[in-house]
Amino acid sequence: MAAAFGPDYAQADPLIKLSANPKFGDYQANAAMGLAKKLGENPRQVAQKILDHLDVDELAEKVDIAGPGFINVHLKTTYLAQQVQALASDERLGVAIEADKAKTVVVDYSGPNVAKEMHVGHLRSTIIGDTLSRVLAFAGHRVIRQNHLGDWGTQFGMLIENLLDAGVDASAQISDLEDFYRNAKQRFDAEEGFADRARKRVVALQGGDEPTLEQWRLLIAESKRHFNQAYETLGVILTDDDVRAESFYNEFLPSVVEDLKQAGLLVESQGAQVVFPDGFKNHEDEPQAMIVQKSDGGYLYATTDLAAARYRIEQLKADRVVYVTDARQAQHFGMVFQTLRDAGWAPPTVELDYVPFGMVLGPNRKPFKTRTGGTVKLIDLIHEAQERAGAVIREKNPDLSDDEQKNIASVVGIGALKYADLSSDRIKDYVFDWDRMLALEGNTAPYLQNAYVRIQSIFRKGEVDVASLDGVDVQVVEPAEKTLALKLLQFAGVVDAVALSLHPHRLCTYLYELASAYHGFYEKCPVLTAADEATRQSRLALSHVTARTLQQGLNLLGIDVVSRM
Ligand code: ARG
């Protein structure tokens, strides 16, 4: 399967980039090279032609051509100062909402399965999906979150039988979802007669038998309670209103099959109803089938996803549908998307984005497991993160009260956990490493939170009321001030790039660079003890807008800040 789908990463790369080396000006554009290729001309000459028509006197003190045809722009510091000042007075830090570009975006994420503990894969989907939803909403889109809860399938036969046998109330029985599921499975595999009962129970469930449905609802309610607890602790914006579980689409499944038939796409193969999405080949280079209805009449995961996509496009009026799941579902979504196109259910104007992610690996570079080889439970991870962060905080600042310490440890611990996930290119596997994610140096949440704290402590020490910084004249004089100013001005571009490319690590990298730029500024440019009042005010204003950008950026990652740590 080689079908390229999902957002184009390169598309999100601006043609004009911040220079890596100040020697080449502040910005470097490579537009001339691409253009020259198209025109069949010499790139340096094309660059010169662009310069001849460029009117940037207002913002640049110098524009020149370098190397094979790069255009280097040396900005005026007065212009930079003006721009940062505009940023400082903008509540949205330069991220403009363009009403005509706003889309309705459905984001499908988390999607845990009823009566099963959320595993690390669901954790990744939850964290990445939450960030993408926040970024898309902040970029001005109408975001509809959809939690595609797995609440249907033949496994419910054994789960309900197991629940009925226990005879006590559900919550006591399934306080541990993993144990409950394993127990049902063991009985299904080994206990005489149990599998038969389970199968009959599936038929009763599908037939709408009320007492069976009642047990099924109990399982769902109890599982949701677990999931909601996790969402709340993680600070993830998902509620019961966002749940659109698999069973919701049951009533639409017959028409999915019927309409595929009408469209001439349905083929019978060994009793099953299948489609052959255009362009998909199996190992023998023959068209690859996707089953939409089994020979016994049952429907599948793919049928439900076809129904769900139709619902999102037709009922929710989605312009874009984003699916956040582990990379192993690439083939599934590739085929589902193609079928939606083949059937005309997803018109070309609707963008379908598959957002895959890699695995979480343990220190041994194998899939992350507990020491005894079991699945890592989310709740245990959260507790350990809080505990370990507590140790870091106690060492850093022993003067904090117990309550303060606890609160900060929670924000820092959960922040570290999420950031470790978000900061690596999502498509790659990443190694879970407590020490690295909690380090106060490097590309980590604690480093960013600490930069925010540093700025707050300047304000505390100088008894600065940030409201008094409104409208302060910003000056960009020192190289470190310039570096910081340039970084600040990139925020809006980065938000847009993430909304387009759906790569959260780009926002992380940006925030890390911003924090580093502030660090450099802090070393070189005294703030409270600046030489004169105007410089002091300007540097305070720069600090404040940096703090706001860090806070906003972290918020988009679902991470909080603290004012001391
Ligand atoms: N429940 C699925 C799983 O655990 C994830 C659902 C993803 N969303 C979807 N529309 N298929 O793998």
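Residues numbered from 1 in each chain as written. Predicted model: local features only at pLDDT ≥ 70, side-chain atom pairs only at ≥ 80, totals over all residues. Heavy atoms only, no water.

As for the sheet that holds strand β5 (residues 104-108)
Basically, it comes down to this: One bridge is not enough; two strands pair if DSSP finds at least two bridges between them. Numbered from the N terminus, helices here are DSSP runs of H or I no shorter than four residues, and strands are runs of E no shorter than two. Only the stretch in contact is used when fitting a helix axis, every axis being a line fitted to C-alpha atoms; angles between N-to-C directions are given from 0 to 180 degrees. In what follows, residue pairs with any heavy atoms lying within 4.5 Å of each other are defined as contacts.
Taken together, the four strands give an open sheet; going across it, the order is β6-β5-β10-β11, and neighbouring strands pair in parallel fashion. Each of the sheet's edge strands pairs with one partner strand only, and the pair in question is β6 (142-146) and β11 (351-357). Strand after strand, the sheet turns through a mean of 20 degrees between neighbouring axes, direction not considered. Two elements, β5 and strand β10 (residues 320-326), share four bridges in a ladder whose sense is parallel. Bridging from a neighbouring strand, Asp108 pairs with Tyr323 of β10. Contacting β5, β6 and β10, helix α11 (residues 301-315) crosses the sheet at an angle of about 145 degrees to β10.

Considering helix α14 (residues 402-422)
Cut-off, in case you're wondering: Given the number of residues in a helix, its expected span is that number minus one, multiplied by 1.5 Å. To sort residues, take the accessible area from a 1.4 Å probe on protein chains only and compare it with the maximum for the residue type: under 20% means buried, over 50% means exposed, and anything in between is partly exposed.
The terminal C-alpha atoms of α14, which comprises 21 residues, lie 30 Å apart, in line with the 30 Å expected from a rise of 1.5 Å per residue. Along α14, 15 of the 21 residues are buried, which leaves the element largely enclosed by surrounding structure.

Considerations on the packing of aromatic side chains
Note on aromatic pairs: each is described by the distance of the centres and the angle between the planes. For clarity, the threshold we go by: Only centres within 6.5 Å qualify two rings of Phe, Tyr or Trp (six-membered ring in Trp) as a pair; their planes then separate them into stacked at under 30 degrees, edge-to-face at over 60, and tilted for everything else.
Following the criterion strictly, the structure yields 17 aromatic pairs and no others. Relative to Tyr311, the ring of Phe248 has its centre 5.1 Å away and its plane inclined at 75 degrees; by these criteria the two rings are edge-to-face. Placement of the pair is Phe248 in the loop between α9 (210-234) and α10 (253-262) and Tyr311 in helix α11, with a sequence separation of 63 residues. Judged by its relative accessible area of 14%, Tyr311 is buried. Plain terms: the ring middles of Phe491 and Tyr510 are 6.0 Å apart, the flat faces sit at 40 degrees to each other, and that makes the pair tilted.

Re the pattern of salt bridges
Test applied: Should a side-chain nitrogen of Lys or Arg be within 4 Å of a carboxyl oxygen of Asp or Glu, the pair is scored as a salt bridge.
Going through the model one piece at a time under the given rule, you end up with 28 salt bridges. Measuring nitrogen to oxygen at the nearest pair gives 3.2 Å for the salt bridge that ties Asp179 to Arg182. A residue pair is termed a helical-turn pair when its members lie 3 or 4 positions apart in one helix, as Asp179 and Arg182 do in helix α7 (residues 177-190) at three residues. The exposure class of Asp179 is partly exposed, given its relative accessible area of 40%. Among the residues examined, Arg182 registers a relative accessible area of 44% and is labelled partly exposed. Salt-bridge contacts for Asp259 lead to Arg310; the nearest nitrogen and oxygen are separated by 2.7 Å. In this pair, Asp259 sits in helix α10 while Arg310 sits in helix α11, placing the two residues 51 residues apart along the sequence. Since its relative accessible area comes to 26%, Asp259 is described here as partly exposed. Given a relative accessible area of 14%, Arg310 falls into the buried group.

Some words on the site of the ligand
Put simply, the rule is: What makes a residue near a molecule or strand is one non-hydrogen atom of that residue sitting within 4 Å of it. Polar contacts, as used here, are pairs of N or O atoms within 3.5 Å; protein pairs need one atom able to donate a hydrogen and one able to accept it. Residues neighboring in sequence count only if both atoms are side-chain atoms. For the accessible areas, the method is Shrake-Rupley and the probe is 1.4 Å, while residue cover comes only from the protein chains on display.
Residues in contact with the ligand, as listed here, are Asp108, Gly111, Asn113, His122, His148, Tyr301, Asp305, Tyr323, Thr325, Gln329 and Phe333. With respect to the ligand, the side chain of Asp305 contributes an N or O atom lying 2.7 Å from a nitrogen atom. For the ligand, whose accessible area on its own is 350 Å², the fraction buried by protein is 89%.

With respect to the pairing of strand β4 (residues 70-75)
Burial analysis of β4 places five of its six residues in the buried class, which makes it a mostly covered element. Bridging between strand β2 (residues 27-29) and β4 involves three bridges; their strand directions are antiparallel. Across the sheet, Ala29 pairs through a bridge with Ile71, a residue of β4. In the sheet, strand β3 (residues 60-66) pairs with β4 via six bridges, with the strands oriented antiparallel. Bridge assignment links Lys62 to a residue of β4, and that residue is His74. What sits between β3 and β4 in their antiparallel hairpin is a turn of three residues, with Gly67 showing a positive phi close to 50 degrees.

Examining the sheet that holds strand β8 (residues 272-275)
Within the open sheet, the three strands sit side by side as β7-β8-β9. Their pairing is antiparallel. Whereas interior strands pair on both sides, the edge strands pair on one side only; in this sheet they are β7 (267-269) and β9 (290-293). Taken over all neighbouring pairs, the strand axes of this sheet differ in orientation by 50 degrees on average, direction set aside.

Describing the packing of helix α4 (residues 120-138) against helix α18 (residues 491-501)
Put simply, the rule is: The scheme is simple: roughly parallel for angles under 35 degrees, roughly antiparallel for over 145, roughly perpendicular for 65 to 115, oblique for anything else. We call a crossing left-handed when the near helix sits turned anticlockwise from the far one by less than a right angle, and right-handed when that turn is clockwise.
As a packed pair, α4 and α18 sit with axes 9 Å apart at the nearest point and diverge in direction by 120 degrees. Between α4 and α18, the angle is such that the two are oblique. As α4 packs across α18, the resulting crossing turns out to be left-handed. Along its contact with α4, which presents Leu132, Val135, Leu136 and Phe138, the element α18 presents Phe491, Val495, Val498 and Ala499.

Re the pairing of β5
Spelled out, the test is: A clockwise course of the path from the first strand over the helix to the second, judged with the strands pointing away from the viewer, identifies a crossover as right-handed.
In terms of residue burial, β5 counts as a mostly covered element, since five of its five residues are buried. Across the two faces of β5 the burial is the same, with Thr104, Val106 and Asp108 and Val105 and Val107 all buried. Alignment of β5 against β6, held across five bridges, turns out to be parallel. By the bridge assignment for β6, Val107 is matched with Arg145. Each parallel crossover has a hand, and the one from β5 via α4 to β6 is right-handed.

Some remarks on the packing of α7 against helix α8 (residues 194-206)
The condition is simple: By the convention adopted, Pro, Cys, Tyr, Trp, Phe, Met, Ile, Leu, Val and Ala count as nonpolar, Lys, Arg, Asp and Glu as charged, and the other residues, Gly among them, as polar.
Interaxial distance between α7 and α8 falls to 6 Å at its minimum, and their mutual angle equals 115 degrees. Between α7 and α8, the crossing angle belongs to the class labelled roughly perpendicular. Note on element contacts: α8 touches α7 through Phe194, Ala195, Arg197, Ala198 and Arg199, opposite Ala184, Arg187 and Phe188. Here the residues of the contact of α7 with α8 are counted per class, giving five nonpolar, no polar and three charged.

Section: the environment of Ala66
In this structure, Ala66 sits in strand β3. Judged by relative accessible area, which is 16%, Ala66 ranks as buried. Along the primary structure Ala66 and Phe24 are separated by 42 residues, whereas in three dimensions their C-alpha atoms are 7.8 Å apart. With near-sequence residues (within four places) excluded, Ala66 lies in contact with Arg44 and Asn72.

Considerations on unusual backbone geometry
Residue Leu93 is not a glycine yet carries a positive backbone phi of 50 degrees. By secondary structure assignment, the location of Leu93 is in the loop between α3 (77-88) and β5. One non-glycine residue, Glu463, lies in the positive phi region at around 50 degrees.

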